[in-house]
Amino acid sequence: MSLRQMARLLHYSPGWISRVENGRAIPTDELARACDELLALDGELIALARADRSGPVGLLRPAQLPPGASAFVGRRALLKELDVLLADANRRESVLTVALDGPAGVGKSTVALRWAYEIADRFPGGVLFTDLQGNSPEARPLAAADVLEQFLTAFGLPAAAVPADEAERAAVFRSIAVRRPILVILDNAAGSRHVEPLLVGARGCVALVTSRRRLTGLAVKAGAHRLSVRPMDQSESADLLSAVAGPERVAAEPTATADLARRCAHLPLALRIAAERLATFPHRSIADAVAELADRQHRLNVLTDIDDPHLAVRAALSSSYRALDDEAARTFRFLGLFPGATIGAAAAAALVDRPLGHTRRLLEVLAAVHLLEETGPDRYLRHDLLRDYAAERAAEEESATACQEALRRLVGWYVGTARDWPPHAPGEAEVAEAAERVEQVEQVEQG
Ligand SMILES: Nc1ncnc2c1ncn2[C@@H]1O[C@H](COP(=O)(O)OP(=O)(O)OP(=O)(O)O)[C@@H](O)[C@H]1O
Ligand SMILES: [Mg+2]
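Residues numbered from 1 in each chain as written. Chains lettered and ligands numbered in written order. Predicted model: local features only at pLDDT ≥ 70, side-chain atom pairs only at ≥ 80, totals over all residues. Heavy atoms only, no water.

Asker: Sorry if this is basic, but what is going on with the sheet that holds strand β6 (residues 342–344) here?
Answerer: Neighbouring strands of a sheet are bound in pairs by backbone hydrogen bonds; such pairs are parallel or else antiparallel. Strand order in the open sheet made by the 3 strands is β6-β8-β7, with antiparallel pairing throughout. Among the strands making up the open sheet, the edge pair consists of β6 and β7 (373–376). Here the average twist between neighbouring strands, direction ignored, is 35°. In this structure, β7 lies alongside strand β8 (residues 379–381), joined through 3 bridges in antiparallel fashion. Bridge pairing links Gly376 to Arg379 in β8. (Pairing = 2+ DSSP bridges. Helix = DSSP H or I, 4+ residues; strand = E, 2+ residues; numbered from the N terminus. Axes fitted to C-alpha atoms, helices over the stretch in contact; angles between N-to-C directions.)

As structure tokens, this is what we get:
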């Protein structure tokens, strides 16, 4: 629409509209509202006009990053990948949205913060951070409208200038991001829809999201790049133990260090808790710590911080498990009865007593929230701590008969006969043998 047309429709002079447009005059509420309606901008202009009137000095530059992990180690490849994505977005002069996903406690938030610190200086508009509490066991996830209010006030907008509803707040937020590039960290998101209203589209801006869920919706709708954070490798795990418990101890017991990392499933949260225990008890050897984690039924108790029981592998896994629907939760529990690390869809179908197609869907649901990892067609892996937790849930929430029946179906499936074989409840050795053979058969089938 030309300026002249607009002036005619609004009953203002073209000269005045031009002054407002060029920032040489501040519009009244009445003019801002009229322009807003004419251009269908959902209240964006009225909010901006109020913000302009209330602050002659312009916007503040927020710097909201909380402190990062005290002893950060590893993750070079992932940080490099993020750098490449950013360089590419800069070259194309576009916005960059990245979603980091991965299992509970794998280090998503830690690596996101680390990268944010590395690049924070490049954003003249400032850096915003929010913990969306999408997987916090006690708190409800933060509502996007509340986060937007917090962001707008961080720019120095007085409370009176913050619009009442979510869409208007988002519109003002985006208008601010257009002025100068900003970095936004949206940590611990519950899902794609949770973060959509908080994304910015202006070039030069970066939004970094972390979630336990694969944010495929965000990739489809907002062109987000998805990267998965995986457990650490052996040398990163040793570096973490060394950074917290002391390099001399780790150097003195390399084999025990490798065993300890394995028993922690190379999961940073578990490694960190184990490392803190070593630091707390300097007279204990690393071999002692390995022995302490030998008993699978006791392992999750050991991997709980004494000072802060919320800082625990069990607590982290439990918040993922509690968010599942009934059938996915039942599947997760029954998979805990399977002694092996990897399981195929057919063996899983026998365990949960559902048709194969339906079981595949259930396994996909678990994989989408990283309670399983798909390693090939119809093949799934979970780390040891996840298996221990699932076994714990089965023992607590399923009857002994239901567990025995599930194992009977598994053994029956393995011998390829009627599913109600063997006629007796299978013993531990029988189940272990079945599981081992199931894994072997599946590996052969995989070629
Ligand atoms: N690269 C690292 N170096 C050192 N410590 C780390 C690293 N990554 C993670 N940690 C430790 O592991 C713990 C868990 O990490 P973090 O909170 O980042 O996991 P997360 O994947 O975000 O978990 P959640 O799914 O619960 O949000 C942190 O307390 C941190 O101390
Ligand atoms: Mg996190």
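Still more ground to cover, so stick around.
Asker: Whenever I open this one, the pattern of salt bridges confuses me. Can you help?
Answerer: Close approach of charged atoms allows side chains of opposite charge to pair. For the structure shown, the criterion picks out 27 salt bridges. Residue Glu93 is joined to Arg203 by a salt bridge in which the shortest nitrogen-to-oxygen separation is 3.5 Å. You can see Glu93 sitting in the loop between α5 (76–91) and β1 (96–101) and its partner Arg203 sitting in the loop between α9 (192–195) and β4 (206–211), a full 110 residues away along the chain. For Glu93, a relative accessible area of 52% gives the class exposed. For Glu398, the salt bridge goes to Arg333, with nearest N and O atoms at 2.9 Å. With Glu398 in the loop between α21 (384–397) and α22 (400–415) and Arg333 in helix α18 (residues 326–335), this residue pair connects regions lying 65 residues apart in the sequence. Given a relative accessible area of 16%, Glu398 falls into the buried group. If you follow the salt bridges from partner to partner, you end up with Arg322, Arg333, Arg393, Glu396, Glu397 and Glu398 in one network. (Salt bridge = Lys/Arg side-chain N within 4 Å of Asp/Glu carboxyl O. Buried < 20%, exposed > 50% of the residue type's maximum accessible area, 1.4 Å probe, protein only.)

Asker: Just to check I follow, could you spell out the side chain of Thr257 for this structure?
Answerer: In this structure, Thr257 sits in helix α13 (residues 254–263). Looking at Thr257, the relative accessible area reads 2%, which means it is buried. Residues in contact with Thr257, not counting those within four places in the same chain, are Gln234, Ala238, Leu241, Val250 and Ile286. (Contact = heavy atoms within 4.5 Å.)

Asker: Would you take a moment to explain the sheet that holds β1 for this structure?
Answerer: In spatial order, the strands read β2-β3-β4-β1-β5; together these 5 strands make up an open sheet with parallel pairing. The two strands at the open ends of the sheet, each matched to only one other strand, are β2 (127–131) and β5 (225–228). Strand after strand, the sheet turns through a mean of 15° between neighbouring axes, direction not considered. Relative to β4, strand β3 (residues 183–189) runs parallel, the two being bridged by 5 bridges. In the strand pairing of β4, Ile185 is matched with Leu208.

Asker: Which parts of the structure should I look at to understand the coordination of the magnesium ion (ligand 2)?
Answerer: Geometry reference: four tetrahedral donors at a metal, ideal angle 109.5 degrees. Six octahedral donors, ideal angles 90 or 180 degrees. Within the protein, the magnesium ion (ligand 2) binds to Ser109 (OG) and Asn188 (OD1); these donor distances fall in the range 2.1 to 2.2 Å. Of this pair, Ser109 sits in helix α6 (residues 108–119) while Asn188 is found in strand β3, placing the two residues 79 residues apart along the sequence. For Ser109, a relative accessible area of 22% corresponds to the partly exposed category. Overall, Asn188 belongs to the buried group, its relative accessible area being 13%. (Donors = N, O, S within 2.8 Å, 3.2 Å for Na, K, Ca; no water.)

Asker: When you look at the site of ligand 1 in this model, what are you seeing that I'm missing?
Answerer: Around ligand 1 sit 20 residues in total, of which Val73, Lys108, Ser109, Thr110 and Arg212 are the nearest. Between ligand 1 and Val106, the relevant distance is 3.2 Å, taken from an oxygen atom to a main-chain nitrogen or oxygen of the residue. Here Arg212 contributes a side-chain N or O atom positioned 2.7 Å from an oxygen atom of ligand 1. Relative to its free-state accessible area of 630 Å², ligand 1 is covered by the protein chains to the extent of 86%. Mapped by element, the contributors of at least two residues to the shell around ligand 1 are α6 and α14 (268–280). Counted by class, the shell around ligand 1 contains 10 nonpolar, 6 polar and 4 charged residues. Split by domain, the shell around ligand 1 shows at least three residues from each of two domains, domain 2 (76–228) and domain 3 (234–315). (Near = heavy atom within 4 Å. Polar contact = N/O pair within 3.5 Å; in protein donor to acceptor, adjacent residues only side chain to side chain. Areas by Shrake-Rupley, 256 points an atom, 1.4 Å probe, with all protein chains shown as cover. Nonpolar A, V, L, I, M, F, W, Y, C, P; charged D, E, K, R; others polar. Domains from an automatic or database assignment.)

Asker: What's the story with the domain arrangement of the protein in this structure? I'm lost.
Answerer: Often, the extent of an interface is quoted as the loss of accessible area upon association of its parts. According to the domain assignment, the protein consists of domain 1 (3–40), domain 2 (76–228), domain 3 (234–315) and domain 4 (324–445). Just the C-alpha atoms count here: the centres of domain 1 and domain 3 sit 65 Å apart.

Asker: Would you explain the packing of helix α19 (residues 345–352) against α22 in this entry?
Answerer: When two helices pack together, their arrangement is given by the angle between the helix axes and the distance between those axes. Two elements in contact, α19 and α22, have axes whose closest approach is 7 Å; the angle formed by their N-to-C orientations is 140°. Taken together, the axes of α19 and α22 lie oblique to each other. Pair α19 / α22 crosses with right-handed handedness. Together, Ala346, Ala347, Ala350, Leu351 and Val352 of α19 and Ala406, Arg409, Leu410 and Trp413 of α22 make up the contact between the two elements. A breakdown of the residues in the contact of α19 with α22 according to their chemical character gives 8 nonpolar, no polar and 1 charged. (Parallel < 35°, antiparallel > 145°, perpendicular 65-115°, else oblique. Left-handed = near helix turned anticlockwise from the far one by under 90°.)

Asker: What exactly am I supposed to notice about the side chain of Asn135 here?
Answerer: Structurally, the position occupied by Asn135 is in the loop between β2 and α7 (144–154). For Asn135, the contacting residues outside a window of four places in its chain are Asn188, Arg212 and Ser319.

Asker: Before we go on, may I ask you to explain the nonpolar core in this structure?
Answerer: Among the nonpolar cores identified, the biggest contains 94 residues, and Trp115, Leu260, Leu324 and Phe332 are the most heavily contacted of them. With 7 residues, the single largest contributor to this core is α14. Dropping the residues within four chain positions of it, Trp115 is found in contact with Leu79, Leu82, Asp83, Leu86, Leu96, Val206 and Leu208. Ala99, Leu152, Ile176 and Leu198 belong to the second largest nonpolar core, which has 34 residues in total. (Core = buried A, V, L, I, M, F, W, Y, C linked by side-chain atoms within 4.5 Å.)

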